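# Understanding the architecture of this molecule
Letter by letter, the chains look like this.
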Amino acid sequence: MPHSFGYRARTRHMFKRGFKEHGPIKLSTYLLNYRVGDIVDIKANAAQQKGMPHKYYHGRTGIIYNVTPSSVGVIVYKVVGNRYIEKRVNVRVEHVRHSKCRQEFLDRVKSNHEAHVKAKESGERVNLRRQPIQPREARTVSLKDNLPVTITPIPYETYI
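Labelled according to an unreviewed UniProt entry, the protein chain appears under the name 60S ribosomal protein L21, originating from Dendrothele bispora. Check the Sequence similarities (unreviewed entry) section of the UniProt entry for the protein chain; it says "Belongs to the eukaryotic ribosomal protein eL21 family."

Following this line, the structure appears as structure tokens:
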């Protein structure tokens, strides 16, 4: 039997609500402020079918370009062939959330600024760049009061 090609085809697991997240939508979803330029993640909420994005945009990150009382316009870049196309998607606020993708960067900028100010006061240079994880340091195991023990497997017993 051929499968269907509908607007919500093959979204059985994609659009389902999370564990213990069923029921009416929380009011805090509607009380969030969105501004033009905010980075948001698009995640469709199956409890609200109005203003739901197409399944392609589920899980995508975009930038808000328009804000209305009940929805936001989001710019998402889509790969089509060998190029990126800027797609403008209008979605209700139930289907978007603020993205945490820049939070680590903003925290690092803040900590670097504080370290820079502190180093300038003390008059010393400080390296503000991220360093890759270095190899673990070498260790020496002492044999004093720590003799090696030979471990052998226990023979299999078939007694009942």
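Still more to cover.
## Observations regarding the side chain of Asn45
Its location among the elements puts Asn45 in the loop between strand E1 (39-42) and strand E2 (61-67). Residues in contact with Asn45, not counting those within four places in the same chain, are Arg17, Ile25, Met52, Glu94 and His95.

## Overview of the sheet that holds strand E3 (residues 71-80)
Strand order across the open sheet formed by five strands is E4-E3-E2-E1-E5, with antiparallel pairing between neighbours. The strands lining the two open edges of the sheet, one partner per strand, are strand E4 (83-92) and strand E5 (96-98). The mean inter-strand angle of the sheet, taken between neighbouring strand axes irrespective of direction, is 45°. The sheet contact formed by E3 and E4 spans 10 bridges and is antiparallel. Residue pairing for E4: Val76 is matched across the bridge by Lys87.

## Concerning the layout of surface pockets
Take a probe with the size of a water molecule and roll it over the atoms, and the empty space left behind shows itself. Size it by volume and the largest pocket reaches roughly 440 Å³. Around the largest pocket, the lining comprises 19 residues; the ones closest to its centre are Arg17, Glu21, Thr29, Asn45 and Arg97. Per-class residue counts for the lining of the largest pocket are six nonpolar, six polar and seven charged.

## Things to note about the packing of aromatic side chains
The full count for this structure, using the stated rule, is one aromatic pair. Judged by centre distance (5.1 Å) and plane angle (90°), the rings of Tyr56 and Tyr57 are edge-to-face. In this structure Tyr57 comes out as buried when scored by relative accessible area, which is 9%. Across the ring face of Tyr56, the terminal group of Arg60 is positioned such that the distance to the ring centre comes to 4.2 Å. Residue placement shows Lys78 over the ring face of Tyr56; its charged tip is 4.5 Å from the ring centre.

About the criteria used
Residues numbered from 1 in each chain as written. Predicted model: local features only at pLDDT ≥ 70, side-chain atom pairs only at ≥ 80, totals over all residues. Heavy atoms only, no water. UniProt positions renumbered as here; feature names shortened; annotations may be inferred. Helix = DSSP H or I, 4+ residues; strand = E, 2+ residues; numbered from the N terminus. Contact = heavy atoms within 4.5 Å. Pairing = 2+ DSSP bridges. Axes fitted to C-alpha atoms, helices over the stretch in contact; angles between N-to-C directions. 1 Å grid on protein atoms, 1.4 Å probe; cavity = no way out; pocket = protein on both sides within 12 Å on 5 of 7 lines; lining within 4 Å. Points joined across faces, edges and corners; volume = space filled by probe spheres on them. Nonpolar A, V, L, I, M, F, W, Y, C, P; charged D, E, K, R; others polar. Phe/Tyr/Trp six-rings, centres within 6.5 Å; stacked < 30°, edge-to-face > 60°. Buried < 20%, exposed > 50% of the residue type's maximum accessible area, 1.4 Å probe, protein only. Lys NZ or Arg CZ within 6 Å of the ring centre and 35° of its normal.

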